[in-house]
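Structure assessment
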Amino acid sequence: MLFVREMKKVMCSVAYLLFVVILVVALYSQGVFHFGKDVLEEPQPGQNYGVRNVESPEQIMPAAYDSLWWEFTVNQYTTYPIGLYKIVHLNETEKEQMAQILSRLNGVDKTKLLESPEEMPPLREGLTYEEFKRCMDEADRLLGGGSEYAPNSLIGFGTEDITYEEAKVEYQLVRDKDKFTGGYARLFCDYAGAIVLSILPVFLAIVLCLKDRRARMEELIYSRRASSWKIVWVRYAAVLASVMLPVILLSYYSNMKVWGLYKGLKLDYLAPLKYDFGWLLPSVMVTAALGMLLTELTGTPAAAAVQCLWWFMDINAGYKDVQSSYALLRLAPRHNAGINSRFRITDFLGNFNRLVQNRLLMAGIALALVALTVCVYEWKRRGIIGGRKRIKGIFTGIFSRKNEHAA
């Protein structure tokens, strides 16, 4: 069976073994196999229900200013440019630029700030919140982005206590909508999609498409009676199946860790499966489809560079902002960002339609790319572009040289 043969090619490759290892290590490093520590209990009156972030200028302005000043005095700034931790140290020119930004915030000359940074001046009178945000935006860009001073991150400096009534509503949503397991499945999808599944499947598609070229089997494949449509779509299905198999197993392993913590309560045991296919599969589809198209078109692994660039831009695209996390063109929607809550179910429900639109769009783009791959594959079989025509010329040249030597 063609599908089984193609799937064996994928799963028996070194690239697939590396994919599985990286998938497991990456997920383990993010704690998705230890969700048992995050148990959501029904709130009781008189407890501490935590805090939530709110955009309160009265809290945000002094708190963010104090943080920026302290980092300025030690010249050590914490940033997350692509969602990963990074320490930034400014050079002398950049220090002056940061001092100028602080000068606009406190009204003190930048030269004095550079000479005696130990004493923190207060914010100047009359400073508006809009002007404050513009200054903070400049500071964030000076640091390379990804700092807590970015306009969409300043909300992290403003907090208010969650009331018992609000905590009760959130718990009821988790219990009735998520049936507890849904929240854990979303967190699994956030890490799996952003770190692994929006980039690594391209390498498996490349390996599969180049395997026949390396084995000099192209001429045989091009002459087969199987249609181009069948060959390409079966290969594509083999890549998807090979990728999703360990993902599904790991998602259930992750989710099962919490089942025993909610004994006697109604759980959604299909939550991992639903989120795997609804959330993660479209990312895998478009990544693998791009890999197949560019590899068939160029005969090179150029798709790896293209996908890496797309992944880098996507993971760096406002991951802390709720709206951006579910944006229409996100390759990997983010869930572990924005306004903090235990499972962020309110954010999820509020952006569910945006998420559905995004996932359908990515799936549609993937299918269109595979259809184009079928066309490219057929053109190569007919000798219209590269492929068979080029291979035929190579073999002709080889045989000609052999005949000359024999003569």
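Above: the structure in question.
All of these numbers come straight from a predicted model, not from anything done at the bench.

Glancing now at unusual backbone geometry. Positioned with a positive phi, Lys 179 is a non-glycine residue whose angle comes to about 50°. Counting through the fold element by element, Lys 179 comes out in the loop between α7 (164-178) and α8 (181-197). Judged by its relative accessible area of 24%, Lys 179 falls in the partly exposed class. Backbone geometry at Phe 180 places phi at a positive 70°, although glycine is not the residue there. Mapped onto the fold, Phe 180 is located in the loop between α7 and α8.

Once that is clear, we can look at the nonpolar core. Grouped together as the largest cluster of nonpolar side chains are 75 residues, with contacts concentrated most on Phe 19, Leu 27, Phe 188, Leu 197, Tyr 236, Trp 279 and Leu 280. With 14 residues, helix α12 (residues 271-298) is the single largest residue contributor to this core. Those residues within four positions of Tyr 236 in sequence are excluded, and the remaining contacts are Met 285, Val 286, Ala 288, Ala 289, Met 292, Ala 366 and Val 370. Membership of the second largest hydrophobic core comes to 28 residues, among which are Leu 113, Tyr 149, Leu 154 and Phe 157.

With respect to the helices and strands, the residue Val 370 is situated in helix α16 (residues 352-381). Each C-alpha atom, one on Val 370 and one on Trp 233, is 7.4 Å from the other, the two residues being 137 residues apart in sequence. Ignoring anything within four residues of it in the chain, the contact list for Val 370 reads Val 232, Trp 233, Tyr 236 and Ala 289.

So, how was this worked out
Residues numbered from 1 in each chain as written. Predicted model: local features only at pLDDT ≥ 70, side-chain atom pairs only at ≥ 80, totals over all residues. Heavy atoms only, no water. Helix = DSSP H or I, 4+ residues; strand = E, 2+ residues; numbered from the N terminus. Buried < 20%, exposed > 50% of the residue type's maximum accessible area, 1.4 Å probe, protein only. Core = buried A, V, L, I, M, F, W, Y, C linked by side-chain atoms within 4.5 Å. Contact = heavy atoms within 4.5 Å.

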